[in-house]
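Here is how the chains run, residue by residue.
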Amino acid sequence: MSKTLHHGLLLLRVVSEHPQGLTVSELADAISVHRTVAHRLVRTLEAHQLCRRDHQRRVVLGTGLVSLAEPVQQDLRALARPVLDELAENTRATAHLLVREGDTQMRALMVVEPRGALVHVSFRPGQTHSIEQGSGGVAVLAHGPHREGERAEVTEARAKGYAVTTGEVIPAVTGVSAAVPAGNGRAAASIGVSVFEYTDLDQLGTMVSRAARSLGELLD
C-alpha cells in the first residue's frame, strides 16, 4: 500500500467531515503526519482541484471532486432518483439508497429529503456503517439465506420483506428498509426511509418494499 496515497485520501476524508475547513496544522494532527508532509499533500491535492484554501487559509474540498463523483454508479442513481423522490414525498420522510461494500459495510449512495416537511432526518451521502447495523444492512442480509447466529431482526425481515431498526445508525431514529432485488439473487442495495416516529410501521414497510421492487424492475 502506498503510504503517501493513503495519507492523501485520509486527508480528503477528514476535510469532508469538517465543512468549515481545517488549517494545515490541524490536518497534520488529524492524520498523524508532520506539518510539512501535510503541506505537501495539500499542495498536490490543490493542483488537481481536489481541495482549496478559503479566504481564511483553511483547507476545504475542491470542485474537482464533483467530476470524479459524477460517474459513480451513474445508471443506478439515475434510475433510483424518481423512485426515491416519490417515496420521500409519499412518506414525508427522508428516503435513501444504500449500497453494499464488500462483506462488512453499507454506504449511503443517495439521500432525498422530503419537500415541505416540518421535521425530517438529515444525513449526507457517502456515510458508511456496518452491514450488521441499521435497517439497510439488515434488509440486505435478510435477502440472503439464513446464517447461523444471525440477528432476530434479520430473520424477521426475511419473513416480512422489510427491516426495521431504531437508534442503530442515528440515535432515536427509526429506519425501515427493503432490499432491492437483483437478477443474480444477491442483493447489493437497499431502499429505505428514516423517521423520528411513525404510527404505522407496517404501512411504511409496504411502501418501502414497493419502492425497492420498482427499482429492481427498472434495473432488470
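Look a little higher up for the structure.
Report follows, based on the coordinates. (Residues numbered from 1 in each chain as written. Predicted model: local features only at pLDDT ≥ 70, side-chain atom pairs only at ≥ 80, totals over all residues. Heavy atoms only, no water.)

As enumerated under the stated definition, the model contains 11 salt bridges in all. For E101, the salt bridge goes to R107, with nearest N and O atoms at 2.6 Å. Judged by relative accessible area, E101 falls into the partly exposed class, the value being 29%. Between E156 and K160 there is a salt bridge, and its shortest N-O distance comes to 3.1 Å. (Salt bridge = Lys/Arg side-chain N within 4 Å of Asp/Glu carboxyl O. Buried < 20%, exposed > 50% of the residue type's maximum accessible area, 1.4 Å probe, protein only.)

So, about the packing of helix α1 (residues 3-16) against helix α3 (residues 35-47). Relative to each other, α1 and α3 sit at 75°, their axes nearing to 10 Å. By the angle between their axes, α1 is roughly perpendicular relative to α3. Across the interface between the two elements, T4, H7, G8, L11 and L12 of α1 pack against A38, L41, V42 and L45 of α3. Among the residues forming the contact of α1 with α3, the class breakdown is six nonpolar, three polar and no charged. (Axes fitted to C-alpha atoms, helices over the stretch in contact; angles between N-to-C directions. Helix = DSSP H or I, 4+ residues; strand = E, 2+ residues; numbered from the N terminus. Parallel < 35°, antiparallel > 145°, perpendicular 65-115°, else oblique. Contact = heavy atoms within 4.5 Å. Nonpolar A, V, L, I, M, F, W, Y, C, P; charged D, E, K, R; others polar.)

This paragraph deals with α1. Here α1 spans 20 Å end to end across 14 residues, near enough to the 20 Å set by a 1.5 Å rise per residue. Taken together, the buried positions of α1 are occupied by H7, G8, L11, L12, V14 and V15. In a view along the axis of α1, the buried residues occupy a sector of 165°, so they form one face of it. The outward face of α1, more than 90 degrees from its buried face, is lined by the exposed residues K3 and L5. Looking at the packing, one finds that the buried side of α1 touches α2 (24-31), α3 and β2 (59-61). (Expected span 1.5 Å × (residues − 1). Arc of directions from axis to C-beta.)

The quantities given are spatial measurements derived from coordinates; they are silent on function.
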